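Inside the fold
Letter by letter, the chains look like this.
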Amino acid sequence: MKLSSTLLPLLHSIIMFGLLVEVAYAQKTITRWCVLVSGTNDPAVISSQRDTQYMYHILVDHMGIGEDRVYYLHVDTSYRGVDALASKANVRWAIENWLRSHAQQPDIVFICFVSHGAQGIDGGRGDPVDEDDPWDEGVEVGGAYYWDDELRAGILGINCSALWVVIESCYSGGFIPDLSLTTPKTLVLTSTDEGSLSWADTDGDGFSEWIESFMDALHFLYHDDGIDNFADTAWIGNTVFHTGASLPGYPGT
Ligand SMILES: [Ca+2]
Ligand SMILES: [Ca+2]
Ligand SMILES: [Ca+2]
Ligand SMILES: [Ca+2]
């Protein structure tokens, strides 16, 4: 079959457009978007408030992520860089509106919670009955709980190439089955497993033990000044990807 003289220029244009789109996509830089949440006012775990400050410092000052690309929610809005009070409505807005409207392929999204954790009856709030055990897991945000089913639904609408979720809270490993998605591709790191409590700051240095080690590692990677605080990396070896089995429990219990 012979193409007519009118079809050939059109075909050429379509091919060129396809090539241009491909080149444009290949050249698009990856933008990183972050939602950072310090979720509890409980003075017994005041380290949870400092943890997110340390994380904010690493994201902005060492990883070079613009402050306008880190949406930071905190129970105390006087901390540096905080955009909004940590409430369930505000966290939901940050994930379901801010992240969804800003992130696009091939961006990378980072979500981090530091707070108390809780378990509630699976499906007990109208959420899907989808757990292998009887309990949904949730993380406190300003006196309410943001549940695993809710976070799953929130991140399903984010258009990015990869998504990190980091949670320091009791029972945080119970988020892993809910958030193990292939679209977007997720990596979930939690301080403990589905059924265990999690240390806060037991050595009195102001930071919660698991996420402190994780952040020290990040800090080192993005601020290579020779020696940095790797003293706690044994915690990473024990607890990254949620093993939790080594965690003796929340201080005082
Ligand atoms: Ca559920
Ligand atoms: Ca569970
Ligand atoms: Ca769960
Ligand atoms: Ca500590």
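Quick note: structure is the one above.
Quick look at the structure, then. Predicted, not measured: the structure shown is a model, and the values here were computed from it.

**Let's talk about the sheet that holds strand 9 (residues 185-190)**
With parallel pairing, six strands are arranged side by side in an open sheet as 3-2-1-4-8-9. Only two strands of the sheet have a single neighbouring strand rather than two, namely strand 3 (84-85) and strand 9. Of the strand pairs in this sheet, strand 1 (residues 32-38) and strand 2 (residues 70-74) are connected by five bridges, and their pairing is parallel. Within strand 2, the residue paired with Leu 36 across the bridge is Tyr 72. Together, strand 1, strand 2, strand 3 and strand 4 (108-114) form the strand contacts of helix 3 (residues 88-102), whose direction differs from that of strand 1 by roughly 175°.

**Considering the nonpolar core**
Counting 54 residues, the largest nonpolar core has Val 35, Leu 36, Val 37, Val 109 and Cys 112 as its most contacted members. Counting residues per element, this core draws most heavily on strand 4, which supplies six residues. For Leu 36, the contacting residues outside a window of four places in its chain are Thr 52, Met 55, Tyr 56, Val 70, Tyr 72 and Cys 112.

**Concerning unusual backbone geometry**
Cis peptide bonds are those with omega within 30 degrees of zero, and the linkage from Gln 105 to Pro 106 qualifies with 0°. With respect to the element layout, Pro 106 can be found in the loop between helix 3 and strand 4. For Tyr 171, which is not a glycine, the phi torsion comes out positive at approximately 65°. Positionally, Tyr 171 belongs in the loop between strand 8 (162-168) and helix 5 (176-179). In this structure Tyr 171 comes out as buried when scored by C-beta crowding, with 27 C-beta atoms within 10 Å.

**Side note on the sheet that holds strand 6 (residues 135-141)**
Taking strand neighbours across the sheet as the criterion, the three strands line up as 5-6-7 in an open arrangement whose pairing is antiparallel. Taken across any chain shown, the strands that pair with only one partner, and hence form the sheet edges, are strand 5 (117-121) and strand 7 (144-147). Neighbour-to-neighbour, the strand axes of the sheet open up by a mean angle of 45°, direction not taken into account. The pairing of strand 6 with strand 7 spans four bridges and is classified as antiparallel. Pairing of Glu 140 across the sheet is with Tyr 145, part of strand 7. Running at roughly 55° to strand 7, helix 4 (residues 148-156) makes contact with strand 6 and strand 7 of the sheet.

**A closer look at the environment of Ser 48**
Inspection of the secondary structure puts Ser 48 in helix 2 (residues 47-62). Put simply, Ser 48 and Ile 211 are 163 residues apart on the chain and 9.4 Å apart in space, counted from C-alpha to C-alpha. Not counting chain neighbours up to four residues away, the residues in contact with Ser 48 comprise Ser 38, Thr 40, Val 114, Ser 115, Ala 200 and Ser 208.

What counts and how
Residues numbered from 1 in each chain as written. Chains lettered and ligands numbered in written order. Predicted model: local features only at pLDDT ≥ 70, side-chain atom pairs only at ≥ 80, totals over all residues. Pairing = 2+ DSSP bridges. Helix = DSSP H or I, 4+ residues; strand = E, 2+ residues; numbered from the N terminus. Contact = placed C-beta atoms within 7 Å. Axes fitted to C-alpha atoms, helices over the stretch in contact; angles between N-to-C directions. Core = buried A, V, L, I, M, F, W, Y, C linked by C-beta atoms within 7 Å. Buried ≥ 20, exposed ≤ 12 C-beta atoms within 10 Å, placed from the backbone.

Coordinates in, geometry out; function isn't part of it.
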